[in-house]
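One-letter residues, chain by chain:
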Amino acid sequence: MREAREPASDPVSEPPPGHDPDRPAARPGRRRLVMAIYAAFAALVIGAAAFFSVTSASGGSDIRANLTLIAPAGPGGGWDTFQRESQQAMRANKLVNNVQVVNIPGAAGTIALGKLTTMGGQPNKLMVSGTGLVAGVAQLDAPVDHGDATPIARVVEEYDVVVVKADSPYRTLDDLVTAWKQDPAKVSWTGGGTFDQLVSTDLALKAGIDPGALTYIPKSGGGEATTALLNGTAVAATSGYMDMADQIEAGRLRALGLAAPQRLPGVDIPTLTEQGYETTLANWRMVVAPPGITAKQKSDIVDLVTATVATPEWKSAQQRNRWTPVFLTGPELDSWLAQEEKRIAALVEELK
Amino acid sequence: MSTSSTPEPHGPTAGGTGDQDPARASDRPPSGSQTPGRWGFFTGRSGLVIPLLLAAFATYLVVGNLTMSIPKGADFPGPTFFPWFLAAVAYVLAALLVVHYLRHPEVPAETSGRTYTTFSDWRAIAWCVGGFAAFAVLLEVLGWVLAAGLLFWCVARGIGSRRAVFDLVLGLVVSSLIYLTFGIGLGLPLPSGVFGLFAGGN
Amino acid sequence: MDQLIALFGGFGGALSPMNLLWVVVGCLLGTAVGVVPGLGSSMAVALLLPLTFALDPTGAFIMFAGVYFGGLFGDSTMAILMNTPGQGSAIASTFEGHAMAKSGRAPQALATAAIGAFVGGMIASTVVVFLAPKLADLSAEFGPAEYLALALFAFVATSSIVADSAVKGLASLVLGLGIACVGIDSFTGTERFTMGVPEMFDGISIVTVTVAILALGEVFHVAARIRRDPEGHEMRLSGRPFLSRAEFREALPAWLRGTAIGLPFGIIPVGGSEVPTFMAYDVERRLDRRRPDPQFGRGAIRGLAGPEAAGNSTTGMAMGALLALGLPVSSTAAIMLAAFQQYGLQPGPLLFTRAADLVWALLASFFIAMIVLLALNLPFASLWAKLLLIPRPYLYAGIMVFCGLGVYATAGQPFDLFLLLGLALVGFAMRRHDVPLAPLMIGLVLGPLFETSLRDGLLSSDGDYGVFVAHPIPVIIYLGLLVVLAFVVRAKLRARASHDL
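Treat the numbers as computed from the prediction; the structure is a model and nothing was measured. (Residues numbered from 1 in each chain as written. Chains lettered and ligands numbered in written order. Predicted model: local features only at pLDDT ≥ 70, side-chain atom pairs only at ≥ 80, totals over all residues. Heavy atoms only, no water.)

A few words now on the overall build of chain B. Broken down by element type, chain B carries six helices and zero strands. Across chain B, helices and strands are ordered from the amino to the carboxyl terminus as α-α-α-α-α-α. The buried share of chain B, taken over its 202 residues, is 43%. Residue pairs in contact within chain B that sit at least 24 positions apart in sequence constitute 61% of those at least 6 positions apart. (Helix = DSSP H or I, 4+ residues; strand = E, 2+ residues; numbered from the N terminus. Buried < 20%, exposed > 50% of the residue type's maximum accessible area, 1.4 Å probe, protein only. Contact = heavy atoms within 4.5 Å.)

Ranked by internal contacts, the top residues of the largest apolar core, which has 214 residues, are Phe-132, Phe-135 and Trp-144 of chain B together with Val-209, Leu-363 and Met-400 of chain C. A total of 16 residues in this core trace back to one element, the largest contributor, which is helix α16 (residues 356-385) of chain C. Residues contacting Phe-132 of chain B, with those up to four places away along its chain left out, are Leu-151 of chain B together with Leu-216, Met-400, Gly-404, Leu-417, Leu-420 and Leu-421 of chain C. (Core = buried A, V, L, I, M, F, W, Y, C linked by side-chain atoms within 4.5 Å.)

So, on to the environment of Arg-263 of chain A. Residues and elements named next belong to chain A. Looking at where Arg-263 falls in the secondary structure, it is placed in the loop between β9 (253-259) and β10 (283-289). Arg-263 sits in the partly exposed class, given a relative accessible area of 39%. As a C-alpha pair, Arg-263 and Glu-274 span eleven residues in sequence and 9.4 Å in three-dimensional space. Residues contacting Arg-263, with those up to four places away along its chain left out, are Asp-268, Ile-269, Pro-270, Thr-271 and Glu-274. Within the local environment of Arg-263, its side chain forms a polar contact with the side chain of Asp-268, the two groups lying 3.5 Å apart. (Polar contact = N/O pair within 3.5 Å; in protein donor to acceptor, adjacent residues only side chain to side chain.)

This part takes up the sheet that holds strand β7 (residues 216-218) of chain A. Residue and element names in this part refer to chain A. One open sheet accounts for five strands, arranged β7-β6-β8-β5-β9; its pairing is mixed. Both outer strands of the open sheet, β7 and β9, are each paired with one neighbouring strand and no more. Taken over all neighbouring pairs, the strand axes of this sheet differ in orientation by 25° on average, direction set aside. Where helix α8 (residues 241-249) meets the sheet, its contacts fall on β5 (160-165), β8 (236-240) and β9, and the angle it forms with β8 comes to roughly 120°. (Pairing = 2+ DSSP bridges. Axes fitted to C-alpha atoms, helices over the stretch in contact; angles between N-to-C directions.)

Residue and element names in this part refer to chain A. The strand order β2-β1-β3-β10-β4-β11 describes an open sheet built from six strands, whose pairing is mixed. The two strands at the open ends of the sheet, each matched to only one other strand, are β2 (98-103) and β11 (324-329). Each neighbouring strand pair of the sheet contributes to a mean axis angle of 20°, computed without reference to strand direction. Bridge count for strand β3 (residues 125-130) against β10 is four bridges, and the pairing is antiparallel. Looking at the pairing, Ser-129 lines up with Met-286 of β10.

Residue and element names in this part refer to chain C. In this model, helix α5 (residues 91-102) (twelve residues) spans 16 Å end to end at C-alpha, consistent with the 16 Å of a helix rising 1.5 Å per residue. Counting buried residues along α5, twelve of its twelve residues qualify, which places the element largely inside the surrounding structure. Burial in α5 covers these residues: Ile-91, Ala-92, Ser-93, Thr-94, Phe-95, Glu-96, Gly-97, His-98, Ala-99, Met-100, Ala-101 and Lys-102. (Expected span 1.5 Å × (residues − 1).)

Here we come to a nonpolar patch on the surface. A contiguous nonpolar surface patch, about 430 Å² in accessible area, is contributed by Val-469, Val-475, Leu-479, Leu-482 and Leu-485 of chain C. By secondary structure assignment, the location of Leu-479 of chain C is in helix α20 (residues 472-494). (Patch = residues over 30% accessible without salt bridge, like charges linked within 9 Å, V, L, I, M, F, W, Y side chains within 5 Å. Areas by Shrake-Rupley, 256 points an atom, 1.4 Å probe, with all protein chains shown as cover. Salt bridge = Lys/Arg side-chain N within 4 Å of Asp/Glu carboxyl O.)

Residues and elements named next belong to chain A. The residue Ala-108 is not glycine, and still its phi comes out positive at about 60°. Locating Ala-108 in the fold gives a position in the loop between β2 and α3 (110-117). A positive phi angle, close to 55°, is found at Arg-322, a residue other than glycine. Structurally, Arg-322 is set in the loop between α10 (312-321) and β11.

A separate point is the packing of aromatic side chains. In the structure shown here, the tally under the stated rule is 20 aromatic pairs over all chains. Between Trp-127 of chain B and Trp-153 of chain B, the ring centres sit 5.9 Å apart and the planes meet at 85°, which makes this aromatic pair edge-to-face. With Trp-127 of chain B in helix α4 (residues 122-142) and Trp-153 of chain B in helix α5 (residues 144-159), this residue pair connects regions lying 26 residues apart in the sequence. Among the aromatic side chains, those forming a connected cluster through ring pairs are Tyr-38 of chain A, Phe-152 and Phe-166 of chain B together with Tyr-394 of chain C. (Phe/Tyr/Trp six-rings, centres within 6.5 Å; stacked < 30°, edge-to-face > 60°.)

Tracing the chain through its elements places Leu-383 of chain C in helix α16. As for Leu-383 of chain C and Pro-107 of chain C, which are separated by 276 residues in sequence, their C-alpha atoms are 8.1 Å apart.

All names here are of chain A. Residue position: Gln-297 is located in helix α9 (residues 295-309). Given a relative accessible area of 17%, Gln-297 falls into the buried group. Among the polar contacts listed, one links the side chain of Gln-297 to the backbone nitrogen of Thr-294, at a separation of 2.8 Å.

Here the focus is the pairing of strand β4 (residues 150-158) of chain A. All names here are of chain A. Of all nine residues that make up β4, nine are buried, and the element is covered over most of its length. Examined bridge by bridge, β4 and β10 share seven bridges and lie antiparallel to one another. Residue pairing in the sheet places Glu-157 in a bridge with Trp-284 of β10. Sheet analysis places β4 next to β11, joined by four bridges and oriented antiparallel. Across the sheet, Glu-157 pairs through a bridge with Thr-324, a residue of β11.

On to the packing of α5 of chain B against helix α6 (residues 164-185) of chain B. Residue and element names in this part refer to chain B. Look at α5 against α6: their axes get within 8 Å of each other, and the N-to-C directions meet at 135°. With respect to each other, α5 and α6 are oriented oblique. When the axes of α5 and α6 are compared, the crossing they make is right-handed. For the pair α5 and α6, the contacting residues are Trp-144, Val-145, Leu-146, Ala-148, Gly-149, Phe-152, Trp-153, Ala-156 and Arg-157 in the first and Ala-164, Asp-167, Leu-168, Leu-170, Gly-171, Leu-172, Val-174, Ser-175, Ser-176, Ile-178 and Tyr-179 in the second. A class-by-class count of the residues in the contact of α5 with α6 yields 14 nonpolar, four polar and two charged. (Parallel < 35°, antiparallel > 145°, perpendicular 65-115°, else oblique. Left-handed = near helix turned anticlockwise from the far one by under 90°. Nonpolar A, V, L, I, M, F, W, Y, C, P; charged D, E, K, R; others polar.)

Residues and elements named next belong to chain A. Relative orientation of the contacting elements helix α6 (residues 194-206) and helix α11 (residues 331-351) amounts to 85°, with a least axis distance of 10 Å. Between α6 and α11, the angle is such that the two are roughly perpendicular. Residues Gln-197, Leu-198, Thr-201, Asp-202 and Leu-205 of α6 pack against Ile-344, Leu-347, Val-348, Glu-350 and Leu-351 of α11.

Residue and element names in this part refer to chain C. Tallying each qualifying case throughout the model produces 19 salt bridges over all chains. The salt bridge partner of Asp-185 is Arg-455, with a shortest N-O separation of 2.9 Å. One end of the pair, Asp-185, is in the loop between β1 (183-184) and β2 (191-192); the other, Arg-455, is in helix α19 (residues 438-460), with 270 residues separating them in the sequence. By relative accessible area, which is 4% here, Asp-185 ends up buried. Through salt bridges with shared partners, a single network forms among Asp-185, Arg-192, Glu-451 and Arg-455.

Let us look at α9 of chain A. Residue and element names in this part refer to chain A. The terminal C-alpha atoms of α9, which comprises 15 residues, lie 21 Å apart, in line with the 21 Å expected from a rise of 1.5 Å per residue. Listed as buried for α9 are Gln-297, Ile-301, Val-302, Leu-304, Val-305, Thr-308 and Val-309. Buried residues of α9, seen end-on, are gathered within an arc of 160° and therefore sit on one face of the element. Among the exposed residues of α9, those pointing more than 90 degrees away from its buried face are Ala-295 and Lys-296. (Arc of directions from axis to C-beta.)

The following block contains the structure:
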C-alpha cells in the first residue's frame, strides 16, 4: 500500500508552502527539534484561536463593548450601507469598542429577522429593518414579524421619484396618468425592487387604475431600472431618488414627481401629493433589537442610536446618501409602525 | 507526460476536453476480467444514475409546476413555461442516456494494475462526505475551530493519511490559522461554538 | 489627448512611496482572499473594503484597485493547480490550465494566466480611459431583444464545450438551466421549486453551485480514485519557472483574441465574465483544431491564455461601465459603488466632470495595480506551484476546509453547507460518469438571462413577438448566429475525424 508511506515522509505544517516534504530528516535529533518547534507553534496558534473564540463570544450585555450590526441583505445594498455607515460613525467617535457588520441575506430580509428573534436577550445585536422587510413579511407569509422583535427607532427615510425618459412624450404626471388610464398595458412600469413596485401600485390606486392591470417589469437596483427606461423596455419608473438624481441632472431622464410628504430642500421636483395623487409611501430605515431585553437595555440602545445619529460622520452619511432624518422612538414609534404595517400589507395584497 | 502514450484515466473532468467516444472505450479489454464472478448486470452501467438523477430532477420540476400558486392575471409566458420546457427535454435526454448506458457499458480504465470490487473507493468518499456533513451539522455547535479541524482530519484520513494524532493537531492548526486571519483579522463571522460557554458576560 | 494629460496628472497624485506600499499590500491581500474557493474577488473586495477607510481617498483607491485586481489574479490559481476553480470565471481556465499543471508545467500555466490577466486588464483600462463617456450611449441600446439574441448567440458560441458528447452535454446544460429556475420569480412573486425553504427564496447562488460542483466534487472524485491509481494523480514540477520565448509567442495571439472577446461584455451585464471566458476558450479550441499539430487536451497554452485575458478584460471594462454609467453589473461592482460613495464619488454620467481629479487618480491606480500584480505574480508563480508538494491528503483536506469557509462566510447559513454537499454529490456523480460540468455552469449563467429577456420583452410589447426583431442589433446578432451555425455544420460534415488528442 503506497498511500500509507507518502504522507508520512515529513511532518510539514501546511502554511509555508516552500517547504520540501520529500527530503527526509537528516538526523533524529534534528527531527525532534522540528517536531518541538512545530508543537510549540501549534500550541500557540490553537491557543490564540481558542482565546479569541472565547473573547468574541463574550462581551455579554454590554453594548458599548462589543456590538454586532446585522444587515438583512448582501453587501452593497441599502441596508448594508446603513449598517456600514453606522459602524463608521460608532467607530470614529469611539461610541462602541468593537463593532462589526454581519450580512444575513435572503428572502427579502425575513431570514435575518427570523434569526434576530432567536437571539432573545442579547441587546448587542442590532438589525436594520425597512419598508421592504415589512413588505417581505407580508408577501412571503413569514412566520415572524416585527412584533417578535424589539423596534428601537426609526432613523431615516428615502423617497421614490417617478421618472420617464428625457424624450418621452409625457411631460407631466397628468399626461402619464391619462395615457396609463386609457390603456394600462401600454404604459409599462419598472423599478429596482419590491418597494418601488409598491409605490407604483399605490400610485395606480390613487389614480383610480386597477393595480391588477399594472404591467410592472421588475429589475434589481436603480441602475438596471434606468437602463430599462433608456432602452425603451419600460415607459415609466418609480425608483429611489438617490439612484436617479444624476441621471435627471444629466438630462437623460425626466422627473415627474416625488413620492414624499414634502419637497426635498434644493430639489425642484413637485411631490405627487401636490399633483393630486396622495402617494407618500417612504422607504424608511429602522433599528430593531432582539426580543426579551430589559427596559434598561432598551433605553441604553436608544441612547446609543441617538448618539450615533448626532455624530458628524452620520450627518455626512445622510447628505451623501440623500437620507432624510426622521428620528422617532418610544410609544410613538410603536403606533406608527402598527399603522405602517397595515398600510404596506394592504398594498402587498394588491400584488398577490 | 505530454508525450505519454497511455490514455489519461481522468482527462475529461470539468469540460470533457478529452476522448469520450464510448465505442472506443469498449474496445479496451475489460481490466477486471480476472474476476468475472463479481461482474453482474450493473457492472459498467452504474452510469444509469445520471439519467435517474435527471428524471428525478424533471419530476421535481413537474411537481413544483403543478403545485405552484400563480397569481391571477400573470401574462404568458408565466413562471411555469420555462420549467415545463426543461422538464420535457430532461425526460427525453434521460431516456436517451438510459439507452446509451445499456448499449455501451463504461469500462473504467485501471492503471494501478490491481483490481478492486468497486471502481470508486467508497470508503474514502464516505470519510469525505461524512466529514463534511458532520462539519455542517456541528459548525454552530462546536464552533469553527473544532468543526473545521474535524473536517480536515476526516478528509485527510479518507484520502489516505494514517497519522491520526498528527493530523488532528494539523487540522486544528489550519482551522485556527483560518480563524485568526479571516475571523479575527478580516472580521468574517465565524462561530465560537462551545468556546462561548467559557465566556463571561451575563 | 486631454485624457492622456489628465491620466498623467492622476499618476502624479497616485505615485508616492506610501501609496506604492498600499498597492502592494492590497495586491497581496486581494490575491490571498481570491485564492480561496468560494470567496473570490467579490468577497475580497467586501472583506478588505473597511481597511481602506482609514486612508486618504487616493491611498484608499490605489489599495482598492490592488485588492480588486489581486482577487481576480488569485481566482485562477487554484483552478490551474488543483482543478478546483473558486469562481465561475475561472472554470474555462481549468480545462487546459490544469492539464498543463498535470504535465509538470504548473509555473508556466500560472505565468500564462498572470500575463493574460495583465494584458486583458491593461487593454480594458486603456479603453476605459478613452471611451468611458461614450460607453453610456452604447449600453442604452441594449434592451430585452438584444439580450435574448445575445443569450442565444452565447449558447451557440460555447457549444463546442457541450457538443463533445451531445446527450451528456445537453443533460448537464438542462440541469444548470433548471437549477437557475429555483427561487422567487421576480415577475410574479411566485415561489418556484423552493419547497417553502426561505433560504432558497433568492435562488441557489452561483457561488454555491460553483464550489459544490467544481471544487468539492473534484475532491470527492480524487478521493474515489487516488488510492486506486496513485500514479494518475501525481503532479510533476519542472525546474523552469518562466515562459520560454516560444511559449510566449504561442500565447500572445490568444491573449489578444481573448481580450477582444472580453471587452464588449464588460459594458453589457450578462452575468459577469463567465460567458466571455467560455467563448474565448471555444474560439481557441476551434482554431487549434485547424493546426497541423493540435495541442488541446494535453495542456495547450492558448486554451489558458485566451480565457484568462477575456475574463480580465471584461472585469476591467465593467469598472469603466460602473464609473461612466453608475451601473453595477456585478456584485463586486455594487460593493465598489458603495465604496466610491464613501468618498463622495457618485458614479454616473456626471462623474468625469464633477470629480475629475479623483477619477483620474483611480484610473491611474488601476494601471499601477496591474503592473505591481504582474511584478508580484510572475515570481510567485513558481512559489504557488510549490503548493503541489504538500502531501495530497493535507492539500485536499485544506481545500475542503476552505470551501466550507467560503460558502459559510458569505451568508452565515448552515443550510448553504448542506446544499453545497448535496450539489457536490451530483457533481461527483457527473464527474465519475464523464458528464461535462461546464455546460451546467453555462446554463446557470445564461438561463436566467434568456428567460428574463424573453419575459421582459413580451411584457413591454404587450405580448407582441415582433419586438425581438424590431431593432437592427438583434437582427445582426441572429444573422451572425446563422453564419456560425453554417460554419459548424460545414465543419462537422467535412471532417468528422478531427478529434482532440
